[in-house]
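What follows is the residue order along each chain.
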Amino acid sequence: MEGHCLCGAVRFSAPDAKDIGVCHCGFCRRWGGGPLLATHCGTSVSFTGAERITVYASSGWAERAFCSQCGTHLYYRLLATREYFIPAGTFDSNDMVMTSQIYVDRKPDYYAFANETPMLTEQQVLEQYGFPPEDAKS
């Protein structure tokens, strides 16, 4: 799958991934103004225009990156596994489906998705990935 930022300065290639996961945590909502809709792309992601990528250590276990030229959110990456989660809207393809939602107990009441997906609470996510709870609060 191919994708790029708004201005085209950063382009990337990732393995085919059609599943979109939604994160309702406070970090993701603050980062983008709403929930993060992202595709889990594993570790095999390549970038061109990497000199335009700015990385921010957003927690003790992950980092987020954006294009320094246009501000497009490029990825959320787990530090321990180096796995990328790339915002679905940055891909050239729209052939994807929402398959899960996490931090559903953190979701504010002002929006709701009609899609029926598995839903995990904050505690379930922390237990699944072994993250410390104090870093998840936001």
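A short tour of the structure in this document, coming up.

Cut-offs applied
- Residues numbered from 1 in each chain as written.
- Predicted model: local features only at pLDDT ≥ 70, side-chain atom pairs only at ≥ 80, totals over all residues.
- Heavy atoms only, no water.
- 1 Å grid on protein atoms, 1.4 Å probe; cavity = no way out; pocket = protein on both sides within 12 Å on 5 of 7 lines; lining within 4 Å.
- Points joined across faces, edges and corners; volume = space filled by probe spheres on them.
- Helix = DSSP H or I, 4+ residues; strand = E, 2+ residues; numbered from the N terminus.
- Nonpolar A, V, L, I, M, F, W, Y, C, P; charged D, E, K, R; others polar.
- Salt bridge = Lys/Arg side-chain N within 4 Å of Asp/Glu carboxyl O.
- Buried < 20%, exposed > 50% of the residue type's maximum accessible area, 1.4 Å probe, protein only.

**What to know about the layout of surface pockets**
Thinking step 1. Put simply, the largest pocket is a space of about 530 Å³.
Thinking step 2. Forming the boundary of the largest pocket are 29 residues, of which C23, Y76, F85, I102 and Y129 lie nearest the centre.
Thinking step 3. Where the lining of the largest pocket is concerned, the elements lending two or more residues are strand 3 (19-23), helix 1 (26-32), strand 4 (36-42), strand 8 (73-78), strand 10 (97-102) and helix 2 (122-129).
Thinking step 4. By residue number, the principal contributor to the lining of the largest pocket is strand 3, which donates 5 residues.
Thinking step 5. For the lining of the largest pocket, the residue count by class is 19 nonpolar, 8 polar and 2 charged.

**Focus on the pattern of salt bridges**
Thinking step 1. On inspection of all chains with the given rule, the structure shows 3 salt bridges.
Thinking step 2. Note that K18 is salt-bridged to D95, the shortest N-O span being 3.8 Å. Of this pair, K18 sits in the loop between strand 2 (11-13) and strand 3 while D95 sits in the loop between strand 9 (84-87) and strand 10; the two residues are 77 residues apart in sequence, bridging distant segments of the chain.
Thinking step 3. A salt bridge links R77 to E63; its shortest N-O distance comes to 2.5 Å. In this pair, R77 sits in strand 8 while E63 sits in strand 7 (residues 62-67), placing the two residues 14 residues apart along the sequence.
Thinking step 4. A relative accessible area of 10% places E63 in the buried class.

Spatial relationships are all this shows, so hold off on functional conclusions.
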